[in-house]
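The chain contents come next:
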Amino acid sequence: MQSTNLGNKESGKLWHRKPCPAARDGFNLVQRTAQACTALAFNLRRKSEFLVALADYSIKCFDTVTKELISWMRGHESSVFSISVHASGKYAITTSSDTAQLWDLDTFQRKRKLNILQSVGIQKVFFLPLSNTILSCFRDNSIFAWECDTLSCRYQLPAPPESSSILYKVFAVTRDGRILAAGGKSNHLHLWCLEAKQLFRIIQMPTKVRAIRHLEFLPDSFDAGSNQVLGVLSQDGIMRFVNIQTCKLLFEIGSLDEGISSSVISPHGRYIASIMENGSLNIYSVQALTQEINKPPPPLVKVIEDLPKSKLNSGDLKMKVTTGRVQRPAKSRENRIQTRILKQDLAGSFENKENELSDGLNKKRLQILLKGYGEYPTKYRMFIWRSLLQLPENHTAFSSLEDKGVHVAFLNLQKKYPIKSRKLLRVLQRTLSALAHWSAIFSETPYLPLLAFPFVKLFQNNQLICFEVVATLIINWCQHWFEYFPNPPINILSMIENVLAFHDKELLQHFIDHDITSQLYAWPLLETIFSEVLTREEWLKLFDNVFSNHPSFLLMTVVAYNICSRAPLLNCSLKDDFEYFFHHRNNLDISVVIREVYHLMDTTPTDIHPNSMLHVFVALTKGQYPVFNQYPKFIVDYQTQERERIRNDELDYLRERQMVEDMQAEVDQQRVEDEAWYQKQELLRKAEETRRELLLQEEEKMVQQRQRLASVKRELKVKEMHLQDATRRRFLKLQQDQREMELRRMDDELERKVYMRDREIATTTKDLEMRHLELESQKRLYEKNLIRNQEAVAKEMREDADAFRRKVDLEEHMFHKLIETDQTQNQKTQKLIEEDLAKAEQACLNADWRIQALHKQRCDDLQRNECYHEVARLLRENRRKETEVLNAMTGEEAKKWEEAKEKDFHLKSEKKASALADASRRWFLEKEINDALEDAEHPYSKVPRYQNGQVASSCLPRTSQLNAISEMDSSTCISLNQRRIQWDTTERDLMERVRNLRQRLAAQARNRCQMPHLLAT
């Protein structure tokens, strides 16, 4: 056994030796879940996906190709210990101790949830194979079967007998879903038949087994799902495989030192994967484990007469046979009595030509190899079969048969034989259709699918070989089968019965005593060619021998099978037991059967030997297949004609019946309509009479009711008058009370509003007084600033006058600049004061309006609306007046700017005049200086008469200039005084206008406050 350490590897190979036993050998890490795995499930609809249940009670779906998480399903509140997938791969059932949930694997959404009482508990919920049934097993040993689509309960299994009652823990079902195996903490196994819904067998395991931990059936390719071998894992870590029919222990895996923790079997039953208690993973080969069971018998070597010594060569090989064992060929030094020497001609001159096969094989040598090893090598078995059967491989002929399509006889094959694999069903259908097109008898043969199915499953990838193998089998090994068609081949069964009578008369007499004919003990084996009673390996071993021998070998096999099974057959007494025996697997060693067949072939007399009645092997012809007409053609044709006639008659009958049914339906419909119409008329008449009577009764009742109603109306009218009078008095009193309350409320409101008005008036008066004081203080501040400014101006003017006397040009320039600066500063100051005044007045007005708005909110909607309109009008008027004030101030500002410009122009003109005076004075001085210089040069010259006049005239400009300066000073002082007077007048007018405006606003506010009182009164 090879051992591989996976360690921390993420991928690698499991098998390192050469050659590798499987094409896909290796392992890959899909995902690290970071927590323990509690259950696994494969065989989903998408084959690359699988389900994993984790310790956090969740189920995840991974993809083995992309290694990605596909879905994450939650919903369990405890650990999931079982996952069962539907045969279609569309649904899955997850089971925990408290609940079972059904999931849709297309959307990964939960469809249903099974909740139970905690006292009961769930053992397992799973799908039955190849069916739409869910089996639920509970801790109280109750087992229910449910329909998957509707979730309706189909049946419940009865309670097991009290003598062998155990608490079921583990379960297993055969692939056909017919047998349920259950076990628990006991060495007993219960086998339930789900079709009969009863317990049919109790198997007692060895005494070493005290508890059963796991159960699983071992699949087989040729048992059609009725598994016969059950694997039982017990508490000691050993898994024992038991045949449930014979109760025989076949083999076991594991040991006490190396126990098995859990185990699973591959779908095809070839390998067993087991997780050991030490953490290792062991993979077992079922073929190797069953080798001892299927071990061939010791080889039999027939004694062949020595050839004449003249034909022997010194180099001939010698084969020594001792103690029943075949040894390797070796050269013999001497002839011994105990040993027979098989001489072999290297040139092959002594071989019969009919033993030579295609592809260089020799039939005699193959037979010797077969007798020595019991079977052909698995690797070369198909090649050997093709050589033995000498298949022509007529591709063209087979294509012509295949092109004819599916035969009408096999259109509904899947209904009679529901095969899970669509590919296998399709290949079987095509093979049977080709056989039916080849010969008409095969379309009428009911057992042909059973005969061809093993070969179809074996050669499903090569339909030509499959067809030719089946055709060769029918031509050679099925000789004379169809002579008594449609009955079983009586002649063949008679041969078998004669051979059986010769070799085992007791068994045949037992059959006769219990009315068991060859149609029951021989024909089931022939029509299924032993596929129902043998496993795949046994069947292949048998047909290795069948194809290597005369066609009578198959008939002898039937006799040998009965003889080897004589012990259980002699114990059978019921016909059902015999039928069951020849349709199910039995505990029989096929090697023993094959040895018995060879014995029968050698010991059967010639007169009853099938060799004398069956011709030798004949291969299929090349190019075209031979005509197969070894059947009563008239019967087949008659059956075909009869079937066609019956089909036509059925069609005519169905057509006529349909017409009759249509006519009958029309007549019935017309009759029903007529009856319905008459009934409707009768009902209408009766309803009319009933309604007339009801109308009369209703009229009488109406008269009585009207009389009672009139009296009731009179009483109600009197009561109504009394009630109205009482209501009127009560209403008047209530109205009076309401008016008194309204008057008191209005008085309170008047007092409150008078109080509020007085408070507002007092507050307004205080505000006006404060405003007056503020205005007075502002006025005094303005006057003080103005006087200070005037004093500064006078001081500056005096300084300018003194400086003018020192330098007139500089003083005049500084004086004019001071005047301009003073004017600009006064204008800015005035403008700021006016803006502050306007802002203060506006703030006061806004405060008054807010107070008024708060008071007016207490009035009703109409008064509030009127007040809003009044306030809006006042606001517009105020804005208009403010606009007038601003316009007046703007006009005044414009006038001042005009006056400043005029004064600036006057100043410039004065500057020009001063400049002219300076120029004239400079000219005069220069002239006088020149004259003085001339007089100094000529002191005794004649003095002109007009000298005094010139002096006087020279003094005139100086005097006039001084007068102009004094006049300018006086005019400047006068203009400043006038401007101050104008400012005072304008300020007084503005203050008077503002005071009048505030008085009007206060009066209007008082009037509005008085209006609600007037309206209320």
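See the structure shown above.
The following refers to the structure shown. (Residues numbered from 1 in each chain as written. Predicted model: local features only at pLDDT ≥ 70, side-chain atom pairs only at ≥ 80, totals over all residues. Heavy atoms only, no water.)

Considerations on the packing of aromatic side chains
Here is the rule: Pairing of aromatic side chains requires ring centres within 6.5 Å, counting the rings of Phe and Tyr and the six-membered ring of Trp. Pairs whose planes differ by under 30 degrees are stacked, by over 60 edge-to-face, and all others tilted. The cut-offs for exposure are 20% and 50% of the maximum accessible area for each residue type, with area from a 1.4 Å probe on protein chains only; residues under the lower value are buried, those over the upper are exposed, and the others partly exposed. Two thresholds decide whether a charge sits over a ring: the Lys NZ or Arg CZ must be within 6 Å of the ring centre and within 35 degrees of the ring normal.
Counting across every chain of the model gives 31 aromatic pairs. Seen from their ring centres, Phe144 and Trp146 are 6.0 Å apart, and the 35 degrees between their planes marks the pair as tilted. With relative accessibility at 26%, the residue Trp146 sits in the partly exposed group. Taken together, the ring pairs connect Trp385, Phe455, Phe459, Trp477, Trp539, Phe543, Phe547 and Phe617 into an aromatic cluster. Positioned over the ring face of Trp72 is Lys60, at 4.2 Å from the centre of the ring. The ring of Phe126 carries Lys124 above its face, with NZ or CZ at 5.2 Å from the centroid.

Notes on the pattern of salt bridges
Here is the rule we go by: When a carboxyl oxygen of Asp or Glu is within 4 Å of a side-chain nitrogen of Lys or Arg, the pair counts as a salt bridge.
Under the criterion given, the structure shown has 34 salt bridges. Ionic pairing is found between Glu375 and Arg381, a salt bridge with its closest N-O pair at 3.1 Å. Here the salt bridges share partners, and the residues they tie into one network are Glu870, Arg873, Glu877 and Lys881.

Considerations on the side chain of Asn549
Note the threshold: The helix count covers DSSP runs of H or I at least four residues long, the strand count covers runs of E at least two residues long, and both are numbered beginning at the N terminus. Polar contact criterion, stated in full: a pair of N or O atoms within 3.5 Å, where within protein one must be able to donate a hydrogen and the other to accept it, and residues adjacent in sequence count only if both atoms are side-chain atoms.
Tracing the backbone shows Asn549 in the loop between helix H13 (536–547) and helix H14 (552–564). Under the relative-accessibility criterion, Asn549 is labelled buried at 14%. A polar atom in the side chain of Asn549 sits 2.5 Å from the backbone oxygen of Asn545.

Brief notes about the packing of helix H3 (residues 381–389) against H13
Going by this rule: Throughout, an axis means a line fitted to C-alpha atoms (over the contacting stretch in the case of helices), and angles, computed between N-to-C directions, take values from 0 to 180 degrees. Orientation labels follow simple angle bins: below 35 degrees gives roughly parallel, above 145 gives roughly antiparallel, 65 to 115 gives roughly perpendicular, and whatever is left gives oblique. Handedness of each helix crossing follows the sense of rotation of the near helix against the far helix: counterclockwise by less than a right angle gives left-handed, clockwise gives right-handed. By definition, residues are in contact when any of their heavy atoms lie within 4.5 Å. Following the grouping adopted for this structure description, the nonpolar residues are Ala, Val, Leu, Ile, Met, Phe, Trp, Tyr, Cys and Pro, the charged ones are Asp, Glu, Lys and Arg, and the polar ones are all others, Gly among them.
Following both chains from N to C, one finds H3 and H13 inclined at 30 degrees, their axes separated by 10 Å at the closest point. In this view, H3 runs roughly parallel relative to H13, as classed from their interaxial angle. Note on packing geometry: the crossing formed by H3 with H13 is left-handed. Contacts from Arg381, Trp385, Leu388 and Leu389 in H3 reach Trp539, Leu540, Phe543, Asp544 and Phe547 in H13. Partitioned by chemical class, the residues of the contact of H3 with H13 number seven nonpolar, no polar and two charged.

Section: the sheet that holds strand E9 (residues 99–104)
Note the threshold: At least two DSSP bridges between two strands are needed for those strands to be called paired.
Within the open sheet, the four strands sit side by side as E7-E8-E9-E10. Their pairing is antiparallel. Across the chains shown, the open sheet's two edge strands, defined by having one partner strand only, are strand E7 (80–85) and strand E10 (109–115). Ignoring which end each strand starts from, the neighbouring axes of this sheet average 20 degrees apart. Relative to E9, strand E8 (residues 91–96) runs antiparallel, the two being bridged by five bridges. For Thr95, the partnering residue across the bridge sits in E9 and is Ala100.

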